[in-house]
Amino acid sequence: MKILVINCGSSSLKFQLLDMSDESLVASGLVERIGLDGSRLVLKTNDGEEHTFEQPLPDHTAALKLTIDTLISPEFNILKSLDEIGAVGHRIVHAGEAYSESVIIDEEVMDAVEKATDLAPLHNPPNILGVRAMQKIMPGTPNVAVFDTAFHQSMEPPAYIYPLPYRFYEKYRVRRYGFHGTSHKYVFETAAKFLGIPKEEMRTITCHLGNGSSLAAIQNGKSIDTTMGFTPLEGLVMGTRSGNIDPAIYHYVMQKENLSPDEMDQILNKESGVLGISCYSSDFRDLSDNASAGDMQCALALSIFRRSVKKYIGSYAALMGGVDCIIFTGGIGENSALDRRYICEGLEFLGAKLDPKKNKVRGKLAEISTDDSTVKILVVPTNEELAIARDTLRLVQA
Ligand code: ADP
């Protein structure tokens, strides 16, 4: 069966078509500038060729219609007919507290996603548009929702309740939700399989380090805590997000600079993190290059980032009474040997010893701890689309 995986943003959408008989990628692509001037689809076929189609795409339905037409166009020989697509898997950011698993989409699911919209005002609306468009274009084909928040729904109240008046939770559902759930679950399950250890027997810390970064503590096969919270702003220092700060800074700076809540929110989400500290870039490669050339601000940004990751590894090990496996993933986690080295430096007391030679790996599944390290340290490339396609297949076959 072939599965189409869709990730809709407000003006863009990414897709992958996977052949689940061998989990191979058949085609992938990106539609940009939906509803704006200069909209276009870039299709990547599995011979590595890119094909660009520029045409007006007023909405997500038009964008997905063009995507489907291109996939069945005889020119590319990707699909003979639409019937070959057995199901569509959608990345949906927020399900509130409604779902702890992926689900086949019906009107009840759509209601829950719509209700969670004020928790994810930027993400849920385009996710909903993507589902509605597919229901129109391929009415007989099942759609599956794979939620970014679902994996963390296993957290217990001590992990997800904030120390605020309890009524904020009761009235507004202000609590920790956590994000990147599909990635944390995927790399954890891949690692358990790779190590040949039953999932229930591994105390694992997954470090998803990219533009947005989060850690999860996984015990008995379940997420028991994660660094992102009510929104993706909490936790680690990120590319442009502040992560944890004293909440009183918010009020203080707003008064000093005469800022509105929206302006302050923008600063914390888009102008802070390593970009804010370095005054230069949110891209870790730029920071690394500049730090090696002697730029102290970039070096400071990197050390604050690495320190924040290390601090959480320590606290998650404490929560689980130890750790058996630390996993690095995401653009930084998969590629940056230097960041992994600094993060792991000093973790020997936990039994985690990084092997400098094995650590030279980039972008592939590998164990990077020494033979005598009691904690397995791994690099596991994430693949959220494959995780979505697997869940979609499992649900439609059940
Ligand atoms: P997103 O959260 O947008 O999915 P990614 O997971 O793709 O982001 O991660 C992007 C980040 O990974 C960027 O900051 C980029 O600089 C960083 N990155 C990619 N390759 C390297 C590398 N070799 N060394 C350091 N950082 C890297």
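Residues numbered from 1 in each chain as written. Predicted model: local features only at pLDDT ≥ 70, side-chain atom pairs only at ≥ 80, totals over all residues. Heavy atoms only, no water.

> What's the story with unusual backbone geometry in this structure? I'm lost.
Most peptide bonds are trans, and most residues other than glycine sit at a negative phi. In the Ramachandran plot, asparagine 77 falls in the positive-phi region, its phi being about 55 degrees despite a non-glycine side chain. Positive phi values are uncommon outside glycine, yet arginine 173 reaches one of about 60 degrees. Take arginine 173: it is sitting in the loop between helix H5 (166–172) and helix H6 (181–195). (Helix = DSSP H or I, 4+ residues; strand = E, 2+ residues; numbered from the N terminus.)

> Explain the sheet that holds strand S10 (residues 213–219) to me, please; I cannot follow it from the model alone.
Whenever strands of a sheet pair, they do so through backbone hydrogen bonds, lying parallel or antiparallel. Here we have six strands laid out as an open sheet, ordered S11-S10-S9-S12-S14-S13, and mixed in their pairing. Two strands in the sheet have a free side with no partner beyond their single neighbour: strand S11 (222–226) and strand S13 (366–367). (Pairing = 2+ DSSP bridges.)

> How do you make sense of the side chain of serine 281 when you look at a structure like this?
As for its placement among the helices and strands, serine 281 is situated in the loop between helix H9 (273–278) and helix H10 (284–292). A residue is classified by how much of its surface remains accessible, and serine 281, at 8% relative accessible area, is buried. Here aspartate 283 takes part through its backbone nitrogen, which lies 2.9 Å from a polar atom of the side chain of serine 281. Beyond its immediate sequence surroundings of up to four residues, serine 281 is in contact with Val274, Leu275, Asp286 and Leu287. (Buried < 20%, exposed > 50% of the residue type's maximum accessible area, 1.4 Å probe, protein only. Polar contact = N/O pair within 3.5 Å; in protein donor to acceptor, adjacent residues only side chain to side chain. Contact = heavy atoms within 4.5 Å.)

> Is there a simple way to explain the site of the ligand in this structure?
Contacts to the ligand come from 13 residues, most closely from Asn211, Asp283, Phe284, Arg285 and Gly331. Within the backbone of glycine 212, one N or O atom sits 3.4 Å away from an oxygen atom of the ligand. Contact between the ligand and phenylalanine 284: an oxygen atom at 3.1 Å from a main-chain N or O atom of the residue. Isolated, the ligand exposes 580 Å² of accessible area, and the fraction of that covered by the protein chains is 71%. Elements supplying a minimum of two residues to the shell around the ligand: H10 and helix H12 (330–335). Looking at the shell around the ligand, the element that brings in the most residues is H12, giving four residues. Partitioning the shell around the ligand into residue classes produces two nonpolar, eight polar and three charged. (Near = heavy atom within 4 Å. Areas by Shrake-Rupley, 256 points an atom, 1.4 Å probe, with all protein chains shown as cover. Nonpolar A, V, L, I, M, F, W, Y, C, P; charged D, E, K, R; others polar.)

> Explanation requested: a negative patch on the surface in the structure shown.
Together, Asp106, Glu108, Asp111 and Glu114 make up a region of like negative charge exposed at the surface. Here glutamate 114 lies in helix H2 (residues 107–115). When its relative accessible area of 38% is taken as the criterion, glutamate 114 is described as partly exposed. (Patch = residues over 30% accessible without salt bridge, like charges linked within 9 Å, V, L, I, M, F, W, Y side chains within 5 Å. Salt bridge = Lys/Arg side-chain N within 4 Å of Asp/Glu carboxyl O. Lys, Arg positive; Asp, Glu negative; His and termini not counted. Charge placed at Lys NZ, Arg CZ, Asp CG, Glu CD.)

> Even after reading the chapter, I still don't get the pattern of salt bridges, so can you show me in this structure?
Opposite charge on two side chains allows them to pair when their charged atoms are near. Overall, the coordinates contain 19 salt bridges when judged by the stated rule. With a shortest N-O distance of 2.7 Å, arginine 390 and glutamate 23 are connected by a salt bridge. Placement of the pair is arginine 390 in helix H14 (residues 384–397) and glutamate 23 in the loop between strand S2 (13–19) and strand S3 (24–32), with a sequence separation of 367 residues. What makes glutamate 23 partly exposed here is its relative accessible area of 32%. With its nearest N and O atoms 2.7 Å apart, the salt bridge here joins glutamate 97 to arginine 173. Within this pair, whereas glutamate 97 is found in the loop between strand S6 (85–92) and strand S7 (103–104), its partner arginine 173 is found in the loop between H5 and H6, the two being separated by 76 residues in sequence. One salt-bridge network, in which partners are shared between bridges, spans Glu97, Arg173 and Arg175.

> Hey, could you run me through helix H11 (residues 296–320) in this one?
Residue pairs three or four apart in sequence face the same way in an α-helix, which turns once every 3.6 residues. Relative to the 36 Å expected for 25 residues at 1.5 Å per residue, H11 spans 36 Å between its end C-alpha atoms, a close match to the ideal helical length. Residues of H11 that are buried: Cys298, Ala301, Leu302, Phe305, Arg306, Ser308, Val309, Tyr312, Ile313, Tyr316, Ala317 and Met320. Where H11 begins, one side-chain oxygen reaches toward the backbone nitrogen of glutamine 297, 2.9 Å away; that side chain belongs to aspartate 295. Directly beyond the C-terminal end of H11, a positive phi value near 70 degrees is found at glycine 321. (Expected span 1.5 Å × (residues − 1).)

By themselves, these are just geometric observations and shouldn't be taken as functional.
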